[in-house]
Amino acid sequence: MSALDPAERADRAGYVLVIGSANVDVSVTTARLPRPGETVPGGSVLISVGGKGANQAVAAAAGAVTHFLGRVGDDDFGHLVGRTLHARGVGLDSLVALPAAATGVATIAVDDAGQNCIIVVPGANAALEPRDVDAAADLVRGAAIVVLQCEVPLSTVYRTAELARAACVPCILNPAPWQDLDLGRLPPGVDYLIPNETEAAALTGLPTTTPAEAARAAQRLLGAGVGCVVVTLGAAGCVVADATGALHLPAYPVTAVDTTGAGDAFVGCFAAALAAGCPRHEALHRAGVYAALSTTRRGAQASYPTYTEFEAAYPSAAPASG
Ligand code: RIB
């Protein structure tokens, strides 16, 4: 039996708690992304559930018991979010549909190389307030690990990090999308900071175009009091750094058709693996493979492997032991 088998997961006291955004993604393909003022022809349209928080929750639920705290509108898109997350095994006691707000929507263009650009209309995500997290403080205190991103108000991110720290619950912060964070204003008690190369550059003012540069930026971020920094580098893998040094982990090679949500897949899978007791290096490897596999299909969480799909694919992707 795998360490992450669902039958075993059901017995685990620890769960992943993701607090953050949920959207509906309207994604179109195009040969190349348009320049400002330009109209280009599109290919296919995919309407599916996304949002960085919801994506991370779906990825986590493929490896651990997972709960999601967030806000949608009481509208068709909000109902679609609820049905979809439920079908992927995410606990939704703290997903609230607000009558006075619309569900967040992301418009996404994906080019032939699988790269994307995204515009997000936050809608109900902007109504997730610190007091909503306070009202769910027991859920935070009981978690094995808490996962945060920045697609909801920063005040809510800070409040959650404070609560997690007070309860000694490990906390992952994925500083995406970029908001006005700087090294002196990181939330307290972040155990794992997981920026992509763009976010790491913005946080530090350092270049991050190579693994060596990303390692230097990661070291700078450690100086801000974070326990461990993982800079994700897309097809170049990731760099992990802590007080003992920095290490580059290459990516699992795939042919990408759509990279939307790959970073979220990485974060969610990493959190689940830690919650299930995997050593950090193995958790990072699982996350890298899970994220790579997600890029081989269209959409964000629609592309994420289920538990069964991942466990079938992972053994051949795992590094040789010994
Ligand atoms: O990271 C990908 C996600 O960003 C999409 O699902 C979209 O909803 C935006 O939040």
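Here, the structure is the one placed above.
Residues numbered from 1 in each chain as written. Predicted model: local features only at pLDDT ≥ 70, side-chain atom pairs only at ≥ 80, totals over all residues. Heavy atoms only, no water.

**Student:** I'd like to hear about helix H10 (residues 280–294), residue by residue, with values.
**Tutor:** Between the first and last C-alpha of H10 there are 21 Å, a value that for 15 residues agrees with the 21 Å anticipated at 1.5 Å per step. Among all positions of H10, only Ala283, Leu284, Arg286, Ala287, Val289, Tyr290, Ala291, Ala292, Leu293 and Ser294 are buried. Buried residues in H10 make contact with helix H2 (52–61), strand E11 (228–232), strand E12 (238–242), strand E13 (245–249), helix H9 (262–275) and helix H11 (307–317). (Helix = DSSP H or I, 4+ residues; strand = E, 2+ residues; numbered from the N terminus. Expected span 1.5 Å × (residues − 1). Buried < 20%, exposed > 50% of the residue type's maximum accessible area, 1.4 Å probe, protein only. Contact = heavy atoms within 4.5 Å.)

**Student:** I'd love a proper account of the packing of H10 against H11, names of residues and values included.
**Tutor:** Contact geometry of H10 with H11 gives a least axis separation of 10 Å together with a crossing angle of 115 degrees. For the element pair H10 and H11, the recorded crossing hand is right-handed. Taken together, the residues of H11 that come into contact with H10 (itself represented by Glu282, His285, Arg286, Val289, Tyr290 and Leu293) are Phe310, Glu311, Ala313, Tyr314 and Ala317. For the contact of H10 with H11, a count of residues per class yields 7 nonpolar, 1 polar and 3 charged. (Axes fitted to C-alpha atoms, helices over the stretch in contact; angles between N-to-C directions. Left-handed = near helix turned anticlockwise from the far one by under 90°. Nonpolar A, V, L, I, M, F, W, Y, C, P; charged D, E, K, R; others polar.)

**Student:** An account of the sheet that holds strand E3 (residues 42–50) is requested, with residue identities and associated values reported.
**Tutor:** Within the open sheet, the 4 strands sit side by side as E3-E2-E6-E7. Their pairing is mixed. The open sheet has two edge strands with one neighbour each: E3 and strand E7 (116–121). The sheet shows a mean angle of 15 degrees between the axes of neighbouring strands, direction not considered. Bridge count between strand E6 (residues 104–110) and E7: 6 bridges; the pairing is antiparallel. Bridge pairing links Ala106 to Val120 in E7. (Pairing = 2+ DSSP bridges.)

**Student:** Outline the side chain of Thr156, supporting the account with residue identities and numerical values.
**Tutor:** When you line up the elements, Thr156 lands in helix H6 (residues 154–166). Among residues more than four places away in sequence, those in contact with Thr156 are Leu128, Glu129, Pro130 and Val133.

**Student:** Describe the pairing of E13, naming the residues involved and giving the relevant values.
**Tutor:** Two elements, E12 and E13, share 5 bridges in a ladder whose sense is antiparallel. Within the sheet, the bridge partner assigned to Val239 lies in E13 and is His248. Counting the residues in the hairpin turn of E12 and E13 gives 2 residues.

**Student:** Tell me about the sheet that holds strand E9 (residues 171–173), and please be specific about residues and values.
**Tutor:** If you walk across this open sheet you meet the 9 strands as E5-E4-E1-E8-E9-E10-E11-E12-E13, and the pairing is mixed. Because the sheet does not close on itself, it has two edges, and the strands there are strand E5 (91–98) and E13. Where strand E4 (residues 66–73) lies against E5, 6 bridges are found, and the strand directions are parallel. Across the sheet, the residue bridging to His67 is Gly91, located in E5. Seen against the sheet, H9 touches strand E1 (16–19), strand E8 (145–148), E9, strand E10 (192–193), E11 and E12 and runs at an angle of roughly 170 degrees to E8.

**Student:** How would you sum up a nonpolar patch on the surface? Please name residues and give values.
**Tutor:** On the surface, a nonpolar cluster with roughly 330 Å² of combined accessible area is contributed by Val28, Val45, Ile47 and Phe77. Along the polypeptide, Ile47 turns up in strand E3. (Patch = residues over 30% accessible without salt bridge, like charges linked within 9 Å, V, L, I, M, F, W, Y side chains within 5 Å. Areas by Shrake-Rupley, 256 points an atom, 1.4 Å probe, with all protein chains shown as cover. Salt bridge = Lys/Arg side-chain N within 4 Å of Asp/Glu carboxyl O.)

**Student:** Outline the packing of aromatic side chains, supporting the account with residue identities and numerical values.
**Tutor:** Summed over all chains, the structure comprises 4 aromatic pairs. Taken together, a centroid distance of 6.0 Å and an interplanar angle of 65 degrees make the contact between Tyr290 and Tyr304 edge-to-face. In this pair, Tyr290 is assigned in helix H10 and Tyr304 in the loop between H10 and H11, connecting sequence segments 14 residues apart. Residues Tyr290 and Tyr304 agree in their burial class; the two are buried. Between the aromatic rings of Tyr290 and Phe310, the centroid separation amounts to 5.2 Å while the plane-to-plane angle is 75 degrees, which identifies the pairing as edge-to-face. (Phe/Tyr/Trp six-rings, centres within 6.5 Å; stacked < 30°, edge-to-face > 60°.)

**Student:** Any chance you could break down the pattern of salt bridges for me, citing the residues and the numbers?
**Tutor:** Summed over the entire model, instances satisfying the criterion amount to 11 salt bridges. The shortest N-O distance in the salt bridge between Asp242 and Arg280 comes to 3.0 Å. Highlighted residues: Asp242 in strand E12 and Arg280 in helix H10, separated in sequence by 38 residues. Arg298 serves as the salt-bridge partner of Asp258, at 3.4 Å between the closest nitrogen and oxygen. Separated by 40 residues along the polypeptide, Asp258 in the loop between E13 and H9 and Arg298 in the loop between H10 and H11 bring together distant segments of the chain. What makes Asp258 buried here is its relative accessible area of 0%. Each of Arg32, Arg35 and Glu38 takes part in a single network of salt bridges with overlapping partners.

**Student:** Give me the nonpolar core: which residues, what numbers.
**Tutor:** Formed by 51 residues in total, the largest nonpolar core has its most connected members in Val16, Phe68, Ile172 and Phe270. Looking at this core, the element that brings in the most residues is H9, giving 10 residues. If near-sequence neighbours (up to four positions away) are discounted, Ile172 is found in contact with Ile145, Val146, Val147, Leu148, Tyr192, Ile194, Val267, Phe270 and Ala271. Membership of the second largest hydrophobic core comes to 41 residues, among which are Leu148, Val157, Tyr158 and Leu233. (Core = buried A, V, L, I, M, F, W, Y, C linked by side-chain atoms within 4.5 Å.)

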